[in-house]
Amino acid sequence: MSEITIRDDRARGLLEAYSGDEVAGRIQYFVLESPGRALVPVHTVVEPAHEGKGIAGSLARELYAISAREGVPVAPLCPYVVKWAERHPAEAPVADPALLDAAKAWLEAHPGRF
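In every chain, residue numbers begin from 1 and rise along the written sequence. Whole-chain, interface and lining totals are the exception, using all residues; otherwise, since this is a predicted model, local features are given only for residues with pLDDT of at least 70 and side-chain atom pairs are given and counted only at 80 or more. Each side-chain value is worked out from all heavy atoms of the structure, with water and hydrogens disregarded.

A. Looking closely at the pairing of strand β1 (residues 5-9). Strand pairing follows a simple DSSP-based rule, namely that at least 2 bridges must link the two strands. Only DSSP runs of H or I with at least four residues qualify as helices, and only runs of E with at least two residues qualify as strands; both kinds are numbered from the N terminus onward. Where β1 and strand β2 (residues 14-19) come together, 5 bridges link them in antiparallel fashion. By the bridge assignment for β2, R7 is matched with E16. The turn joining β1 and β2, which pair antiparallel and follow one another in sequence, is formed by 4 residues; a positive phi near 70° is taken by G13.

Given below as structure tokens:
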């Protein structure tokens, strides 16, 4: 895999993987505030030219690393991140069901957001 740089644009809710100046992939997410703070990944995309290079996994790993550094759990709604977390339990603690329910409710209340 070529050199990938990952940048967190919290204001836009994007965790982006760059190959040079080109966006190779991204996780779209939001920050849940209630009933507790959590990072909520909703969608993962890897550009076709970069598929099969481990970019989605690198993005998921970095999301959980950010979570650990900030002391904020991840409540994954993105199917890819859910599966990645199941395969990497040492890096991806299981989300509190109450946070998952609140994240789903937030997403339903903001249908145009993602």
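B. Inspection of the environment of S19 at higher detail. Its place among the elements puts S19 in strand β2. Taking the C-alpha atoms as reference, S19 lies 29 Å from L32; in sequence the two are 13 residues apart.

C. Main features of helix α2 (residues 79-87). Of all the positions in α2, only V81, W84 and A85 are classed as buried. Considered in projection along α2, the buried side chains sweep an arc of 100° and stay on one side of the axis. In α2, the exposed residues that point more than 90 degrees away from the buried face are P79, E86 and R87. Contacts were defined at the residue level, with two residues in contact if any of their heavy atoms lie within 4.5 Å. Along its buried surface, α2 packs onto β3 (22-32), β4 (38-46) and α1 (55-70). Type-normalised accessible area, obtained with a 1.4 Å probe on protein chains alone, sets the label of each residue: buried when under 20%, exposed when over 50%, and partly exposed for intermediate values. Arc, as used here, means the arc of the directions from the helix axis to the C-beta atoms.

D. Main features of the environment of I27. Within the secondary structure, I27 sits in strand β3. Apart from residues lying up to four places away in sequence, I27 is in contact with G13, L14, L15, P41, H43, T44, L59, A60 and V81.

E. Looking closely at the sheet that holds β4. Pairing in this open sheet of 4 strands is antiparallel, and the strands run β1-β2-β3-β4 from one edge to the other. Each of the sheet's edge strands pairs with one partner strand only, and the pair in question is β1 and β4. Each neighbouring strand pair of the sheet contributes to a mean axis angle of 20°, computed without reference to strand direction. Helix axes are fitted only over the stretch in contact, all axes being lines through C-alpha atoms; the angle between N-to-C directions runs from 0 to 180 degrees.

F. Summary view of the environment of G13. You can see G13 is positioned in the loop between β1 and β2. Considered as a pair, G13 and R26 are 13 residues apart in the sequence and their alpha carbons are 9.9 Å apart. When residues no more than four places from it in sequence are discounted, the contact partners of G13 are I27, Q28 and Y29.

G. Representation of unusual backbone geometry within the structure. Here the bond from S34 into P35 is cis, since omega is 15°, no more than 30 degrees from zero. Inspection of the secondary structure assignment puts P35 in the loop between β3 and β4.

H. Structural detail: the pattern of salt bridges. Whenever Lys or Arg places a side-chain nitrogen within 4 Å of a carboxyl oxygen from Asp or Glu, that contact is recorded as a salt bridge. Counted by the stated rule, this structure contains 7 salt bridges. One salt bridge in this structure joins D8 and R10, with 3.1 Å as the shortest N-O distance. Relative accessible area serves as the criterion here: at 33%, D8 is assigned to the partly exposed category. R10 gets classed as partly exposed once you look at its relative accessible area, which sits at 28%. Between R37 and E33 there is a salt bridge, and its shortest N-O distance comes to 2.5 Å. Of the residues examined, E33 reaches a relative accessible area of 51% and is grouped as exposed. Here the salt bridges share partners, and the residues they tie into one network are D8, R10 and E70.

By themselves, these are just geometric observations and shouldn't be taken as functional.
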